[in-house]
Amino acid sequence: MEKLGKNHDRYHGETIAIRNVLHEIGTAARENSWTAETFHTFDDFKWFALRRPASHVPPPAPRIYISTGIHGDEPAGPLATLRLLRENQWPAGADITLLPCLNPTGFQQNTRENGSGIDLNRDYLHLQSAEIRAQVAWLEQQVGFDLCLCLHEDWEAHGFYLYELNLDSRPSLAEPMVTAVSQVCPIDPSETIEGRPAEQGIIRPSADPRTRAQWPEAFWLLTHKTRLSYTLEAPSDFPLNTRVDALVAGVNTALQKFCGTTAA
Ligand SMILES: [Zn+2]
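Anyway, here's the lowdown on the structure attached to this text. No experiment lies behind these values; they were computed from the predicted model shown. (Residues numbered from 1 in each chain as written. Predicted model: local features only at pLDDT ≥ 70, side-chain atom pairs only at ≥ 80, totals over all residues. Heavy atoms only, no water.)

**So, the packing of helix H1 (residues 18-31) against helix H2 (residues 76-87)**
Then step 1. Relative to each other, H1 and H2 sit at 25°, their axes nearing to 9 Å. In terms of orientation, H1 lies roughly parallel with respect to H2. Seen from above, H1 lies across H2 with left-handed handedness. In contact with Ile18, Val21, Glu24, Ile25, Ala28 and Ala29 of H1, H2 contributes Pro78, Leu79, Thr81, Leu82, Leu85 and Arg86.
Then step 2. Taken together, the residues of the contact of H1 with H2 break down into nine nonpolar, one polar and two charged. (Axes fitted to C-alpha atoms, helices over the stretch in contact; angles between N-to-C directions. Helix = DSSP H or I, 4+ residues; strand = E, 2+ residues; numbered from the N terminus. Parallel < 35°, antiparallel > 145°, perpendicular 65-115°, else oblique. Left-handed = near helix turned anticlockwise from the far one by under 90°. Contact = heavy atoms within 4.5 Å. Nonpolar A, V, L, I, M, F, W, Y, C, P; charged D, E, K, R; others polar.)

As structure tokens, then:
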């Protein structure tokens, strides 16, 4: 599979009608008995968290957090959540919280930043944007998560890659995710990605939040709510459907592996 060659200085690929996608996400969630909690509203947009409690326990059910749509030029994330909701193949024992779109105003104009020009995924330390302040206030009321997945795209990438932050050296989900994604999407073979050493599409950056002047969502989660986080990056210069396939394969593999090992 070859790159499309569309992205030169930024993302120039397919876009989505975010209001329609959010409507379809809401419908699919209701049909499968998810609950929805709105934590912010602006310009007729609702920022909401979906929740699917574990359908049968032995407790404690693993608590899993999935978020996406924080960059408005990365349509594969919200589309991946829509497909996952429609397929409805979640591990029965998992308690899942899903935030399908953190930056609807960015999607309206196909920009990485929100409608006010703020990169929301650099705003988790200084909290300058109303939507991230609202998300953090909502997150502070939640119990911690055993696993967090943040779904992204990278317009420059040569294939799929991911970041792992694994504070307790738990069994890594990185290699199984990359293996599964490689069936549907190329893996970025670069030895350096975004200035960090990478090996077969896996980056294991410093987990010390003090090393970053601006925090992405994963660093807030790691500091306050989790010990295990993955940021999945689909390559935006491949067809949109391929990027959705990649994110869906990564999420499904992480959930199956994590819930399988937790239940044992
Ligand atoms: Zn992103």
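**Some words on the coordination of the zinc ion**
Then step 1. Within the first shell, the zinc ion binds the protein through His71 (ND1), Glu74 (OE), Glu74 (OE) and His152 (ND1), at distances of 2.1 to 2.3 Å.
Then step 2. Angles of 58 to 154° at the metal separate the four donor atoms of the zinc ion, which places the site in the irregular class.
Then step 3. Each donor residue of the zinc ion lies on one chain, and together they are spaced H-x2-E-x77-H.
Then step 4. Among the residues examined, His71 registers a relative accessible area of 2% and is labelled buried. (Donors = N, O, S within 2.8 Å, 3.2 Å for Na, K, Ca; no water. Tetrahedral: all angles 85-135°; square planar, octahedral: opposite > 155°, others 65-115°. Buried < 20%, exposed > 50% of the residue type's maximum accessible area, 1.4 Å probe, protein only.)

**Describing the side chain of Arg52**
Then step 1. Among the secondary structure elements, Arg52 is positioned in strand E2 (residues 45-52).
Then step 2. Of the buried charged residues, Arg52 lacks a salt bridge, with Asp95 as the closest side chain of opposite charge at 7.3 Å.
Then step 3. Within the structure, Arg52 has its side chain in polar contact with the backbone oxygen of Ala94 (distance 2.9 Å). (Lys, Arg positive; Asp, Glu negative; His and termini not counted. Salt bridge = Lys/Arg side-chain N within 4 Å of Asp/Glu carboxyl O. Polar contact = N/O pair within 3.5 Å; in protein donor to acceptor, adjacent residues only side chain to side chain.)

**Topic: unusual backbone geometry**
Then step 1. Positive phi values are uncommon outside glycine, yet Asp43 reaches one of about 55°.
Then step 2. Along the polypeptide, Asp43 turns up in the loop between strand E1 (35-42) and E2.

**Here's the deal with the nonpolar core**
Then step 1. By size, the foremost hydrophobic cluster in this structure holds 77 residues, and its most contacted members are Ile64, Ile66, Leu85, Leu149, Phe160, Tyr230 and Leu232.
Then step 2. Looking at this core, the element that brings in the most residues is helix H7 (residues 240-263), giving 11 residues.
Then step 3. Not counting residues up to four positions away in its chain, the partners in contact with Ile64 are Ala94, Asp95, Ile96, Thr97, Phe145, Leu147, Leu255, Phe258 and Cys259.
Then step 4. Tyr161, Tyr163, Ala198 and Ile203 belong to the second-largest nonpolar core, a separate cluster that totals six residues. (Core = buried A, V, L, I, M, F, W, Y, C linked by side-chain atoms within 4.5 Å.)

**Some thoughts on the state of the cysteines**
Then step 1. Across all of its chains, the model carries zero disulfides by this definition.
Then step 2. Cysteine Cys259 shares no disulfide, and the gap to the nearest cysteine sulfur, in Cys148, comes to 13 Å.
Then step 3. For Cys259, a relative accessible area of 11% translates into the label buried. (Disulfide = S-S within 2.5 Å.)

**What to know about the sheet that holds E2**
Then step 1. Read from one edge to the other, the open sheet built from eight strands follows the order E1-E2-E4-E3-E5-E10-E6-E9, with strand pairing classed as mixed. Edge positions in the sheet fall to E1 and strand E9 (202-203), since each of these pairs with one other strand and no more.
Then step 2. Alignment of strand E6 (residues 161-166) against E9, held across two bridges, turns out to be parallel. Directly across from Leu162, in E9, lies its bridge partner Ile202. (Pairing = 2+ DSSP bridges.)

**Focus on the pattern of salt bridges**
Oppositely charged side chains can pair when the atoms bearing their charge come close.
Then step 1. The full count for this structure, using the stated rule, is nine salt bridges.
Then step 2. Its salt-bridge partner being Glu164, residue Arg204 comes within 2.5 Å of it at the nearest N-O pair. In this pair, Arg204 is assigned in the loop between E9 and helix H6 (217-224) and Glu164 in strand E6, connecting sequence segments 40 residues apart.
Then step 3. A salt bridge links Arg227 to Asp168, with the shortest nitrogen-to-oxygen separation between them at 2.7 Å. Of the two residues, Arg227 is situated in the loop between H6 and strand E10 (228-235) and Asp168 in the loop between E6 and helix H5 (174-181); the sequence distance between them amounts to 59 residues.
Then step 4. Since its relative accessible area comes to 45%, Arg227 is described here as partly exposed.

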